[in-house]
Amino acid sequence: MQRSRPRGILGCWLLGTLTALAPTALFALETTLAAPGAPKELVERLKETSSVTTAEARGLDTPLEILSAALSDYRTIVQIMYDEGYFAPVVSIKLDGQEAATISSLTVPAQINRATITVDPGPPYNFGTAVVQPLAPETELPADFAPGKRATTGAIQQAASAGVQGWRDAGHAKADVADQKVIARHAQARLDAQIDLDPGRRLTFGKMFIHGDTDVRTRSIEKIAGFPTGEVYSPQQIQKVGTRLRRTGTFSVVSIQERDTPNPDGTLDFDATFEDLPKRRLTFGVELASRDGLDVTATWTHRNVFKRAERLRFEAAIRNIGGAEDIDGRIGLRLDQPDRLGPDDNTFWSALLERRNTENYNVSVASLAYGARRTFSDRLYAEAAVGFSVSNADDAYGDGRKFRYFIVPFRSEWDERDSKVSATRGFYLDSQAMPFVGVSGTKSGLRLFFDGRAYTDLRTSGRLVLAGRIQLGSVIGPPADGVTPDFLFFSGGAGTVRGQPYESLGIPVGTGVAGGKSFLGFSGEVRGKVSEKLSLVGFYDYGMVDTSSFVTADAEFHSGAGIGVRYDLGGFGPLRFDLAYPVQGDTGDGLQFYLGIGQAF
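Read on for a plain summary of the structure. Each residue is numbered by its place in its chain's sequence as written, counting from 1. Only residues with pLDDT of at least 70 get local features here, since the model is predicted, and only at 80 or more are side-chain atom pairs given and counted; chain-wide, interface and lining totals rely on the full set of residues. Note that the side-chain values use all heavy atoms of the structure and ignore hydrogens as well as water.

### Side note on the overall build of the protein
Okay, step 1: Each helix is a run of H or I in the DSSP string that is no shorter than four residues. Each strand is a run of E no shorter than two, and both are numbered from the N terminus. What the protein contains, in helices and strands, is seven helices and 29 strands.
Okay, step 2: Computation of the radius of gyration draws on C-alpha atoms alone. For the globule rule, the value is 2.2 Å times the number of residues to the power 0.38. A compact globule built from 601 residues should have a C-alpha radius of gyration of about 25 Å, whereas the protein, at 35 Å, is more than 25% larger.
Okay, step 3: Areas reported here follow the Shrake-Rupley algorithm with a probe of radius 1.4 Å; residue values treat only the protein chains shown as occluding. Just so you have it, the protein exposes about 30600 Å², and 56% of that area is on carbon and sulfur atoms.
Okay, step 4: Side-chain charges of the protein comprise 66 positive and 72 negative groups, with the mean position of each set lying 3 Å from the other. Just so you know, the count uses Lys and Arg for positive and Asp and Glu for negative, and it drops His and the chain ends. Just so you know, the charge point we use is NZ for Lys, CZ for Arg, CG for Asp and CD for Glu.

### Remarks on the side chain of Asn-360
Okay, step 1: Its place among the elements puts Asn-360 in the loop between strand 15 (345-357) and strand 16 (362-377).
Okay, step 2: A polar contact of 3.0 Å, which involves the side chain of Asn-360, links it to the backbone oxygen of Glu-503.
Okay, step 3: With sequence-adjacent residues up to four places away left out, Asn-360 is seen in contact with Asp-395, Ala-396, Phe-490, Glu-503, Ser-504 and Val-513. By the criterion applied in these results, polar contacts are pairs of N or O atoms within 3.5 Å in which, for protein atoms, one can donate a hydrogen and the other can accept it, and in which residues neighboring in sequence qualify only through two side-chain atoms. Throughout, a contact is declared for two residues whenever any of their heavy atoms are within 4.5 Å.

### Section: the nonpolar core
Okay, step 1: For this analysis, a nonpolar core means a set of buried residues of the types Ala, Val, Leu, Ile, Met, Phe, Trp, Tyr and Cys, connected via side-chain atoms within 4.5 Å. Only protein chains enter the area calculation, which uses a 1.4 Å probe; residues under 20% of their type maximum are buried, those over 50% are exposed, and those in between are partly exposed. Of all hydrophobic cores here, the largest spans 25 residues; its most connected members are Leu-46, Leu-95 and Val-119.
Okay, step 2: Elements with a minimum of two residues in this core: helix 2 (40-49), helix 4 (63-83), strand 2 (90-95) and strand 4 (114-120).
Okay, step 3: Per element, the largest residue contribution to this core is eight residues, and it comes from helix 4.
Okay, step 4: For Leu-46, the contacting residues outside a window of four places in its chain are Leu-33, Ala-35, Thr-53, Ile-77, Ile-80, Met-81 and Val-119.
Okay, step 5: In this structure, Tyr-233, Ile-238, Val-241 and Leu-245 belong to the second largest nonpolar core, which totals 21 residues.

### Observations concerning the sheet that holds strand 6 (residues 176-185)
Okay, step 1: Two strands qualify as a pair provided that DSSP identifies no fewer than 2 bridges between them. Taken in spatial order, the three strands of this open sheet run 5-7-6, and their pairing is mixed. Strands with a single pairing partner mark the edges of an open sheet, and in this sheet they are strand 5 (126-133) and strand 6. Sheet twist, expressed as the mean angle between neighbouring strand axes with direction ignored, is 10°.
Okay, step 2: Here strand 6 runs beside strand 7 (residues 190-198); their pairing, made up of nine bridges, is antiparallel. Across the sheet, the residue bridging to Asp-176 is Asp-198, located in strand 7.
Okay, step 3: Axis definition: a line fitted to C-alpha atoms, limited for helices to the stretch in contact. Angles are taken between N-to-C directions and run from 0 to 180 degrees. Across the sheet, helix 5 (residues 153-169) lies against strand 5, strand 6 and strand 7, angled at about 20° from strand 7, the strand it touches most.

### Some words on the layout of surface pockets
Okay, step 1: Both site types are read off a 1 Å grid over the protein atoms alone. A 1.4 Å probe that fits but cannot get out defines a cavity, while an open set with protein on both sides within 12 Å along at least five of seven lines defines a pocket; lining residues have an atom within 4 Å of a point. Grid points are joined across faces, edges and corners, and a volume is the space filled by probe spheres set on the points. Within this model, the second largest pocket holds a volume of roughly 350 Å³.
Okay, step 2: Of all the secondary-structure elements, those providing two or more residues to the lining of the second largest pocket are strand 25 (518-529) and strand 27 (556-568).
Okay, step 3: When the residues that make up the lining of the second largest pocket are grouped by side-chain class, the tally is five nonpolar, ten polar and nine charged. Under the scheme applied, nonpolar residues are Ala, Val, Leu, Ile, Met, Phe, Trp, Tyr, Cys and Pro; charged residues are Asp, Glu, Lys and Arg; polar residues are all the others, including Gly.

### A word on a nonpolar patch on the surface
Okay, step 1: Nonpolar side chains (Val, Leu, Ile, Met, Phe, Trp, Tyr) within 5 Å and like charges within 9 Å form the patches, drawn only from residues with over 30% relative accessible area and no salt bridge. Criterion for a salt bridge: a side-chain nitrogen of Lys or Arg within 4 Å of a carboxyl oxygen of Asp or Glu. Residues Val-530, Leu-536, Val-565, Tyr-567, Leu-569, Phe-572, Leu-575, Phe-577, Leu-595 and Ile-597 make up a contiguous nonpolar surface patch of roughly 880 Å² in combined accessible area.
Okay, step 2: When you line up the elements, Leu-595 lands in strand 29 (residues 592-597).

### Structural notes on the packing of helix 6 (residues 218-225) against helix 7 (residues 235-247)
Okay, step 1: In the contact formed by helix 6 and helix 7, the axes pass within 8 Å of each other and the chain directions differ by 125°. As far as their axial angle goes, helix 7 and helix 6 are oblique. Note on packing geometry: the crossing formed by helix 6 with helix 7 is right-handed. Listed contacts from helix 7 to Ile-221, Ile-224 and Ala-225 of helix 6 are Val-241, Arg-244 and Leu-245. Each angle receives one of four descriptions, namely roughly parallel if under 35 degrees, roughly antiparallel if over 145, roughly perpendicular if within 65 to 115, and oblique otherwise. Each crossing gets its handedness from the near helix: less than a right angle anticlockwise from the far helix is left-handed, clockwise is right-handed.

### Some thoughts on the sheet that holds strand 8 (residues 204-213)
Okay, step 1: With mixed pairing, the three strands of this open sheet are ordered in space as 8-10-9. The open sheet has two edge strands, strand 8 and strand 9 (251-258), and neither has a second partner. For this sheet, the mean angle separating the axes of adjacent strands, direction not counted, is 20°.
Okay, step 2: With seven bridges connecting them, strand 9 and strand 10 (residues 267-276) associate as antiparallel partners. Bridge pairing links Ser-255 to Thr-273 in strand 10.
Okay, step 3: Across the sheet, helix 6 is in contact with strand 8, strand 9 and strand 10; its angle to strand 8 comes to roughly 135°.

### Comments concerning the packing of aromatic side chains
Okay, step 1: Ring pairs are drawn from Phe, Tyr and Trp, using the six-membered ring of Trp, whenever the two centres fall within 6.5 Å, and their geometry is named by plane angle: stacked under 30 degrees, edge-to-face over 60, tilted for the rest. All told, the structure shown has 19 aromatic pairs when counted by the stated rule.
Okay, step 2: A centroid spacing of 4.5 Å and a plane angle of 45° characterise the contact between Trp-349 and Tyr-370, whose relative ring orientation is tilted. In this pair, Trp-349 sits in strand 15 while Tyr-370 sits in strand 16, placing the two residues 21 residues apart along the sequence.
Okay, step 3: Residue Tyr-370 is classed as partly exposed on the basis of its relative accessible area, which comes to 34%.
Okay, step 4: Consider the rings of Tyr-361 and Phe-490, whose centres lie 5.2 Å apart with planes at 25°: the pair is stacked. Taken together, the positions of Tyr-361 in the loop between strand 15 and strand 16 and Phe-490 in the loop between strand 22 (464-476) and strand 23 (507-509) put the pair 129 residues apart, joining distant regions of the chain. The pair formed by Tyr-361 and Phe-490 is uniform in burial state, with each residue classed as buried.
Okay, step 5: Through pairs of rings, three or more aromatic residues link up here, namely Phe-205, Phe-227, Tyr-233 and Phe-270.
Okay, step 6: We call a charge positioned over a ring when the NZ of a Lys or the CZ of an Arg lies within 6 Å of the ring centre and within 35 degrees of the ring normal. If you follow Arg-150 out to its NZ or CZ, it ends over the ring of Tyr-86, 5.6 Å from the centre.

### Focus on unusual backbone geometry
Okay, step 1: At the junction of Gln-133 and Pro-134, the peptide bond is cis and its omega measures out at -15° in the coordinates.
Okay, step 2: Along the chain, the position of Pro-134 falls in the loop between strand 5 and helix 5.
Okay, step 3: The phi angle at Asp-96 is positive, at roughly 55°, despite the residue not being glycine.
Okay, step 4: Residue position: Asp-96 is located in the loop between strand 2 and strand 3 (98-99).

### Some thoughts on the packing of helix 2 against helix 4
Okay, step 1: The interhelical angle for the contact between helix 2 and helix 4, taken along N-to-C directions, is 150°, at an axis separation of 10 Å. The orientation of helix 2 relative to helix 4 falls into the category roughly antiparallel. The chirality of how helix 2 crosses helix 4 is right-handed. Contacts from Leu-42, Arg-45, Leu-46 and Thr-49 in helix 2 reach Thr-76, Ile-77, Ile-80, Met-81 and Asp-83 in helix 4.

### A look at the pattern of salt bridges
Okay, step 1: Counted according to the given criterion, the structure contains 43 salt bridges.
Okay, step 2: When the shortest N-O distance is used, the salt bridge between Glu-354 and Arg-319 registers 3.1 Å. Taken together, the residues span a long stretch of sequence, with Glu-354 in strand 15 and Arg-319 in strand 13 (residues 311-321) at a distance of 35 residues.
Okay, step 3: What makes Glu-354 buried here is its relative accessible area of 14%.
Okay, step 4: Judged by relative accessible area, Arg-319 falls into the buried class, the value being 17%.
Okay, step 5: The salt bridge involving Lys-529 is made with Glu-532; its shortest N-O contact spans 4.0 Å.
Okay, step 6: Residue class for Glu-532 comes out exposed when judged on its relative accessible area of 56%.

Remember that the coordinates give geometry; whether it matters functionally is a separate question.
Right, here's the structure in full:
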C-alpha cells in the first residue's frame, strides 16, 4: 500500500498538468443570436456571417479562438447593420455571461460553453440629404440614393461609383472621390451624405505598349486591336479593344491596363500584356443513331499559323459507320485572317470535299471560296464570300449528272442564348442566302435557309425549359431536276424529324424520291431537371417538303415524337439519349434511338 500511494499522487499530478496545458475547449459551444425588431432576413444574414455562430464550421474550438471570433464580430455586426440602414445599433456578445469586450486575452477562461449575441438594431435611418457633386452630364445616380430613401452604406458606395464612372465615360479617366461627409443625426434617425468628386482633366488615348510572351507580330496586334489613339478616352473603347483581341482565339491572356499618370500633353498610355494559347488543338465528336449508324467527327485547329493571329481549322467526318447506307464523309478547311481588313473585320478561305451516300441520292461535292466577315458584337456577325462549286450526282432524275456553279454565299448569325451547349433562355437566328450562277449549261438560281430557336425557363432558374425551333428552306429559279441534290431539301433524322429515317421524306419521282424545292420544319421540347446533372426531355418534330419554292398545303409531311435523357457533362454540354417513334407519314421505320453530345438544338 505504501508503494502504490506515491504512484497515485504522481498520476493525479500528471493528469492535472496535462489538463492545464492541453487545448481546453473540447466541449461543444452553444450559441444564440437575437435581434429583436430586425427583419428575419437580416437576422439570418447576421447568423451566417458571425464568426461565433459559425465557429464549429470554421474549426474554432479553443477559448482563445472563440474570444477572438467574438471580438471581430463586434465590427462585423455593426458593418452589416450599417449596410442595412441601422446606424445606431447596440451589440452585446457575452461568453458564459461575461461581455467579450471586457475579457483580456491574457486571462482567457479555461473553458467557454455558451455564447449569447444580442443586437438592438435601433430605428432604421433615411437619407436627409444625398448629394454627389459635381456630376458629369447624363450621369444617373442610384434611385436608392435620394432624400427620404432608406440610408445604407451600399447606396452611398453605389452613388460614389456611379459619379466616378460618369466622369470616366465623359473622358476623365482619372476621376476619383475627393471627399465624403456622412453625418448621422440620431434624434431624427436621419443620415446626411455628401460625396465630392474630383473629375480631373479630360484625356485622350495615347499609345498601346505591347508586352508579354506572344509570337504574334506587333503590327498584327495593332491592326486587330484598332487602338483609338487620339480619340477621347472611353472605357467602352478599351473593352472593344480587348474583345477584338480575344475573339481571334489566339491568346490565353489579354490584359489592357491604363497607366497611373497621364502624359503632360493630356494623353493616356496603356500597357497590353499577352500570353498565347497552345498552338494546336484537337477535338472529337460522336453521334449514334439506330438506323444511320455511327458518325465520327474530328477537328484540328492550328493557331497563329503565320504569326498574324490566323486560325487554321481542319475538319473531317466519317458517317454511316454500321448504318443502312454506304459510308461517306467530308473534309473541310478554313483559314481565318483577322488582320487583313480592320478591327472588326476578317477575311477567310474555305474549302470542302464531301461525299454523301443516302437512300435517295449519291453526290460528290468540291468547293472553294474566299470571303470576309464583319463582327458587329460578340453575339452578331455577318459574312459573305465568292467561290466555285462542282458536284457530280446520281439521283431520281438520272445518273452521272454534273453541276458547275459560281456561288456567292451570305450568312448572318445572331446568338442571344445564355449557353451555346445547353440553353435555358434567349434565342438563336441563322440566316443564309446563296445566289448561284450556273456554268457550262447548269441553271442559275437562289437558295435560302433560315434556322430560328427560342428558349424560356418559365422563371424556374433552368429547372423547366421550353425549347422551340423552326427551319425554313427554299430554292428559287430552276426546276428541281435542274439543281444539284445537295441544294434541295429532305426531312427526317436527328437534325429535322426524330423518329423518321434520315432524309426519308422528299418528292416522289418515278420509282425514286428526290429533294423538294422548299422545306418547313418545327421542333418542340420540354426539358425538366430531375437532379443537378440529370434531365428528362419530351419532344415532337414535324417536317414538310414541297415541289414549289414555297411550302403549300399539298406538301409531303411527316412527324415524330419521343422522350430523352440528358446527363450534364459540364462545359461539353449534356450527353444526349433520345428514343423516338414515327407519328405521321409513311416514311417511318419503327423505333429510332439517337446518342450524342449536346442538346438536339
